[in-house]
There are 2 protein chains.
Amino acid sequence: MNQTLAWIQAGSVTSPKGFLASGIHAGIKPGREKDMALLVSTQPAEAAGAFTTNQVKAGPVRVSQQYLKKGKIRAVILNSGNANACTGVRGIADAKKMTAETAAALRCKPHEVLVCSTGRIGVPLPIRKVLRGIKKCVKLLKPDRGSVAARAIMTSDTVRKEGAVRLILGGRRVTIGAMAKGAGMIHPNMATMLCVVTTDAAVDRKTLARVTSEAVEESFNRISVDGDMSTNDTVLVLANGAAGNTPLKSYDADMGKFSAALKLVMLEMAKKIVGDGEGMTRVIELAVNGAATEADAKKMAEAVVRSALVKTSWSGGDPNWGRIMGAIGASGARMREELVDIHYDGVAAVRGGMATATPPGRLKAAARRSRVSIQVNLNLGKGGYRMLTTDLSEKYVRINLGE
Amino acid sequence: MNQTLAWIQAGSVTSPKGFLASGIHAGIKPGREKDMALLVSTQPAEAAGAFTTNQVKAGPVRVSQQYLKKGKIRAVILNSGNANACTGVRGIADAKKMTAETAAALRCKPHEVLVCSTGRIGVPLPIRKVLRGIKKCVKLLKPDRGSVAARAIMTSDTVRKEGAVRLILGGRRVTIGAMAKGAGMIHPNMATMLCVVTTDAAVDRKTLARVTSEAVEESFNRISVDGDMSTNDTVLVLANGAAGNTPLKSYDADMGKFSAALKLVMLEMAKKIVGDGEGMTRVIELAVNGAATEADAKKMAEAVVRSALVKTSWSGGDPNWGRIMGAIGASGARMREELVDIHYDGVAAVRGGMATATPPGRLKAAARRSRVSIQVNLNLGKGGYRMLTTDLSEKYVRINLGE
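Residues numbered from 1 in each chain as written. Chains lettered and ligands numbered in written order. Predicted model: local features only at pLDDT ≥ 70, side-chain atom pairs only at ≥ 80, totals over all residues.

Undergrad: It is not clear to me how the interface of chain B and chain A should be interpreted in this structure. Could you clarify?
TA: Quite often, the size of an interface is put as the accessible area lost when its parts meet. On the chain A side, the residues contacting the 50 residues of chain B number 50 residues. Residue assignment for the side of chain B that touches chain A shows that the elements contributing at least two residues are helix H8 (308–315), helix H9 (321–329), strand E14 (354–355) and helix H11 (394–400) of chain B. Element by element, the count of residues in the side of chain B that touches chain A is highest for H9(B), at six residues. The class makeup of the residues in the side of chain B that touches chain A is 18 nonpolar, 23 polar and nine charged. (Contact = placed C-beta atoms within 7 Å. Helix = DSSP H or I, 4+ residues; strand = E, 2+ residues; numbered from the N terminus. Nonpolar A, V, L, I, M, F, W, Y, C, P; charged D, E, K, R; others polar.)

Undergrad: What am I meant to see in the sheet that holds strand E9 (residues 223–224) of chain B here?
TA: Across a sheet, strands are paired by hydrogen bonds formed along the backbone, either parallel or antiparallel in direction. Residue and element names in this part refer to chain B. Strand order in the open sheet formed by seven strands is E9-E16-E11-E15-E12-E13-E14, with mixed pairing between adjacent strands. A single partner strand is all that each edge strand has here, and the edge strands are E9 and E14. Note: strand E12 (residues 341–344) against strand E15 (residues 371–377), four bridges, orientation antiparallel. Its bridge partner lying in E15, Asp341 is registered against Asn377. Along the sheet face, helix H10 (residues 360–367) touches E12, strand E13 (347–351) and E15 and points at about 115 degrees away from the line of E13. (Pairing = 2+ DSSP bridges. Axes fitted to C-alpha atoms, helices over the stretch in contact; angles between N-to-C directions.)

Undergrad: Before we go on, may I ask you to explain the pairing of strand E2 (residues 19–24) of chain B in this structure?
TA: Two faces, one strand: in a regular strand the side chains alternate between the faces of the sheet. All names here are of chain B. With six of its six residues buried, E2 lies for the most part within the structure. Here E2 shows a buried face lined by Phe19, Ala21 and Gly23 and a second buried face lined by Leu20, Ser22 and Ile24. Direction of pairing for E2 relative to strand E3 (residues 36–51): antiparallel, over a ladder of six bridges. In the strand pairing of E3, Leu20 is matched with Val40. (Buried ≥ 20, exposed ≤ 12 C-beta atoms within 10 Å, placed from the backbone.)

Undergrad: Help me out: how do you make sense of H9(B) in this one?
TA: Residue pairs three or four apart in sequence face the same way in an α-helix, which turns once every 3.6 residues. Residue and element names in this part refer to chain B. Within H9, nine of the nine residues are buried, which leaves the element mostly enclosed by the surrounding structure. If you check which residues of H9 are buried, you get Trp321, Gly322, Arg323, Ile324, Met325, Gly326, Ala327, Ile328 and Gly329. Buried-residue contacts for H9 involve helix H7 (294–306), H8, E12, E13 and E15.

Undergrad: Got a minute to help me understand the sheet that holds strand E15 (residues 371–377) of chain A in this structure?
TA: Residues and elements named next belong to chain A. Sheet architecture is open: seven strands sit in the order E9-E16-E11-E15-E12-E13-E14, paired in mixed fashion. Sheet topology places strand E9 (223–224) and strand E14 (354–355) at the edges, where each strand pairs with a single neighbour. Running over the sheet, helix H7 (residues 294–306) touches E9, strand E11 (283–291), E15 and strand E16 (383–390) and is turned about 20 degrees from E16.

Undergrad: Is there a simple way to explain the relation of the copies chain B and chain A in this structure?
TA: Once chain B has been moved 0.0 Å along the axis and rotated by 180 degrees, it coincides with chain A to within an RMSD of 0.0 Å. Given the turn and translation reported, the copies of this chain are related as if by a two-fold rotation axis. By C-alpha distance to the rotation axis, the residue of chain B lying nearest is B:Glu394, at 2.4 Å. Same-surface contact between copies: 100% of interface residues of chain B are shared with the interface of chain A. (Least-squares fit on C-alpha atoms with pLDDT ≥ 70 in both.)

Undergrad: Before we go on, may I ask you to explain the pairing of strand E16 (residues 383–390) of chain B in this structure?
TA: All names here are of chain B. The buried fraction of E16 amounts to six of the eight residues, a majority that puts the element mostly inside the structure. Where E9 lies against E16, two bridges are found, and the strand directions are parallel. Note that in E16 the partner of Ile223 across the bridge is Leu388. In terms of strand pairing, strand E11 (residues 283–291) meets E16 through seven bridges, oriented antiparallel. Note that in E16 the partner of Val288 across the bridge is Tyr385.

Undergrad: What should I look at first to understand the environment of B:Pro60 in this one?
TA: Residue and element names in this part refer to chain B. Within the secondary structure, Pro60 sits in helix H1 (residues 59–68). Pro60 gets classed as buried once you count the C-beta atoms within 10 Å, which come to 32. Residues Pro60 and Thr231 lie 171 residues apart in sequence; the distance between their C-alpha atoms is 10.0 Å. Pro60 has contacts with Asn84, Ala95, Val115, Cys116 and Ser117, leaving out every residue within four places of it along the chain.

Below, the structure is given as structure tokens:
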């Protein structure tokens, strides 16, 4: 943490000025668990977004993508327990009803409201419950209910994911807050994840779009839990300018500070998602270096984090580097077997494509930590890529067996 | 089975005339389990092969690829318990020592002997034990020991995989036999699998190479257990001509019959591998049809069989078609969500990208069988692709946790 950037204790999406939130149980989920959240900016906010690149896109994703292009945003309405995906024309109509109902209560236009859903695919939304839920959400809006909203968007998550940082921009105190959900179906471009970032900074629209893309690329696009990409992934950034700073533009000296803070917040959310990965017992930091190009390094990193065999050996705390060799060799990226080095937490397991004389006990100790860092060096060029992922445990399978 | 093609009871690699085999415990595996096998043709055989496309290739793979180019083959020496992969120059030298030792005992040239290894990666072969084992193998050669050899190449396999068919070619009775091993690290191009096919048919060399490639493409390249591709995959076909038929050439009328029989034998071995998939509880037959091209259909089929989430839902017997939609949407192949149909054993789950009104109970019944057939239709074009795969169970994870 540098001097000008500090995490706020109990920070949330309502830590920045001019944001209200609420979370309620609308009856989408069984029992009494919260399943709807509303986030509102007291003044119209510039907004930017990043969405799943899956060709199968949920209704709310299509609607939010469309509305984002129309201008400033006042609110985001979210639900958990139902993804409103693979629900066809009705799914899009239901997502639009959610924005219209929210807009009516807030006295703004439907296209000033974005919408996110997460949960099981293929089941139509219980739209009456949802619309009643929206009215309840509006009534309960408060500037200290960011954490309630963060709880209401959880699905298989076991912990709330939120946080906020404070920084000084042009003499003004600016805050960036965030909430996220996601634990399974997590893979680059992007994850079954939702993340909403709020800031009271004033940021020029085009600039906000650019820094959002960059921050997503270096955070959510670098994590993987199970190699699956969802139909609903959404990252939204709302900047309402309530801090009173002069709107930031690309060429501003302070822009780098804001951009770094945004990346930090997103990376923290990404880490929380991996750290809460379904059934995970270890977090793995994988670094591929020395590849012919960055694209090659990325291809190899993704092949390793997708390999069921590699991930299972991580679960067992087994430094089975042979499986990593197999995965990178099958990745399609350039390599020369006889040049490959692999380290576990700095301990050499492989040198020149072969086992080192390192005592197995030392490697096992490194592979059995709750956080394992693995470095693969191709010794071919300068391409590097880092990813954060989890092991594949029996518990992951149990969680995902189905009903 | 048609009239001219019949499975032989207790068929093996020694069912065709002129083949001898043996299997022994050389001490590579702990305990008393067999870990070395030798297969010998009494007369020089034309041979063809298909090998892993992994860039990390085991020593024996490199040696066999090289020797296959030199001409006829007399023997194949195989070991389990150690893959002799990622063992560098020493690994290649050890593989050559295995061929030289075998050749010396059989009084042929080293390059007339092919070599296969399977087992853990990265550990040098205990070469003295292996060379002593070869001598033992040669002494025990018998024309009825195909099954002993099939047992000796098993690793995590729970059952022996072998078989043989008989057919009539140009009035002569011809036999094709095979043995295979493989249960995990199974994915197209190819699998952690070894397969040796023997036949007493006389087949022209170039023709044998062509029909071998075709048969591999339609059998071993269509199966997946865990999406991982090994460093040691090898399929070898030896045709020694002992049946006395006129050597088959590409333009022969009988060639189609031989080619069909070879495919049948390989497909049977492929099915046995999937049926013995590590920790598997169900076999899944996946058919993707109506894709824009066959390449697109293949891309989608491979995305589905690689998805941890889809495979886990299969384990739970959950007809969770939403995960299949997610996987094909993320595959990169062309699709239109609103055109997709998905059936479980002929029961419609999805029509036009959305849930049908089929009672969940009927879908569940289909998804809970030990053999589930799933049909995905993109309704876009004529591209189709079929794959055979397994579910991902807690047991798979347990098996692969490591030592």
